[in-house]
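# Structural overview
Here is how the chains run, residue by residue.
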Amino acid sequence: MHRRTDILFIILATVSVCLLVADIATGPVHIDISDIACALTGGDCPPEVSRIIIDIRLVKALTAIIAGAALSVSGLQMQTLFRNPLAGPYILGISSGASLGVALFILGAPLSGIAGIMTSVGIAGAAWIGAGAILAVIAAVSRRIKDIMVILILGIMFSSAVSAIVQILQYLGNEQSLKAYVVWTMGSLGDVTGAELSIMTVAVISGTVISVAGIKPLNTLIFGEEYARTMGINILRTRMLLFVSTTLLAGTVTAFCGPIGFIGLAVPHVTRVMFATADHRILLPASILTGSSTMLLCDIVSKSLTLPVNSITALLGIPIVVWIVLRNRSIAV
């Protein structure tokens, strides 16, 4: 078993590196492999080639790696926490909160007197504030409610309420702002700058570190919260850790890249099937590699077909989710 796991990790790592190179090499402008290698190693190459490779393609590829890893890890821990195979990284309403923040920034600011304040925040900042606000509400509610399924239902209700507000803002918004918001909802890996990538990396690493600290509680929660309590796990503290981790992971990706669907929902299941285990000591790093590879693949296809990356992740993820449901309607996480 250990040898099989090691081989799978080696294969995933190799595939990730190959897809990273392929992603950097893919684009509307054809660049020879020798020039790509020269730009990446700091050799003597034309300035325009170096800019395309380093400032655009490499940044976008690294963004894909970080986004895929973050969404996969957050989806994995949400599925375990809620013991629901169809739970994803946005199950707490994080995506809806981020969407509300962006909607207020793009659609609401022109309709009110807060335009100056919102302009200084920016789209990423507005999304972060929205996601953080939803987390604060969920955290306050979870302190009084013990049943995790009630929290799940409340999260869905919060998402519905936020969606209704966003629809009102869309109805009242002008054509230009409405188009800008719709474009944001399609998701994009190419709008992240080098400076934003640094901020994104720090936030995702922080969320991943918290996830690593939650590996033991997650392994215990597989058998239910009552069993976890008998093993000395502080359920409330664990919930808060996982909620904060998910907000750092999924909230950061949504803030900088827009809502990217199905990666966080499908990848954890694919990882469980590949490694045939429920041990999060294996699943967490495996999800990072699988999610990164999947996101790189989606980015390559997106650039090749000139389509929004969110449509590619949906086309890839929906068949996997359908297969999961048909394979076993009562999947035990």
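Residues numbered from 1 in each chain as written. Predicted model: local features only at pLDDT ≥ 70, side-chain atom pairs only at ≥ 80, totals over all residues. Heavy atoms only, no water.

## What to know about the overall build of the protein
From N to C terminus, the protein includes 14 helices and zero strands. Listed by position from the N terminus, the elements making up the protein come as α-α-α-α-α-α-α-α-α-α-α-α-α-α. Over its C-alpha trace the protein gives a radius of gyration of 20 Å, about what one expects of a compact globule, namely 20 Å for 333 residues. Dimensions of the protein, computed from the C-alpha atoms along their principal axes, are close to 65 × 60 × 35 Å. Relative to its 333 residues, the protein shows a buried fraction of 50%. Pairs at least 24 apart in sequence give 78% of the contacts found in the protein among residues at least 6 apart. (Helix = DSSP H or I, 4+ residues; strand = E, 2+ residues; numbered from the N terminus. Rg over C-alpha atoms; globule rule 2.2 N^0.38 Å. Buried < 20%, exposed > 50% of the residue type's maximum accessible area, 1.4 Å probe, protein only. Contact = heavy atoms within 4.5 Å.)

## Quick look at helix α8 (residues 194–213)
Counted at 1.5 Å a residue, the expected span for α8 with its 20 residues is 28 Å, and the 29 Å between its end C-alpha atoms agrees. Residues of α8 that are buried in the fold lie against α3 (47–82), α9 (215–221), α11 (235–257) and α13 (280–305). (Expected span 1.5 Å × (residues − 1).)

## A few points about the side chain of Ser292
On the secondary structure map, Ser292 appears in helix α13. Here Ser292 is in contact with Ile65, Gly68 and Ala69, once residues within four sequence places are set aside.

## Focus on the environment of Thr230
With respect to the helices and strands, Thr230 occurs in helix α10 (residues 225–230). In this structure the C-alpha to C-alpha distance between Thr230 and Thr220, which are 10 residues apart in sequence, comes to 9.9 Å.

## Comments concerning the nonpolar core
Phe82 and Phe243 are the most contacted members of the largest nonpolar core, which has 80 residues in total. Tallying contributions element by element places α3 first for this core, with 14 residues. (Core = buried A, V, L, I, M, F, W, Y, C linked by side-chain atoms within 4.5 Å.)

## Let's talk about unusual backbone geometry
One non-glycine residue with positive phi stands out, namely Arg83, at about 50 degrees. The class of Arg83 is partly exposed, set by a relative accessible area of 48%.

## Topic: the packing of helix α2 (residues 33–40) against α3
Contact geometry of α2 with α3 gives a least axis separation of 9 Å together with a crossing angle of 75 degrees. As summarised for this structure, α2 and α3 are arranged roughly perpendicular, according to the angle between their axes. Of the residues in α3, those in contact with Asp35, Ile36, Ala39 and Leu40 of α2 are Val49, Ser50, Ile53, Ile54 and Leu58. Residues belonging to the contact of α2 with α3 are distributed by class as follows: seven nonpolar, one polar and one charged. (Axes fitted to C-alpha atoms, helices over the stretch in contact; angles between N-to-C directions. Parallel < 35°, antiparallel > 145°, perpendicular 65-115°, else oblique. Nonpolar A, V, L, I, M, F, W, Y, C, P; charged D, E, K, R; others polar.)

## Re the confidence of the model for the protein
Mean pLDDT over the protein stands at 85; residues scoring 70 or higher make up 93%. Ranking the helices and strands of the protein by mean pLDDT puts α13 first, with 95, and helix α5 (residues 115–142) last, with 72. In the predicted structure, residues 113–120 sits below a pLDDT of 50 and forms eight contacts with residues beyond four places in sequence or in another chain. (pLDDT = per-residue confidence, 0-100.)

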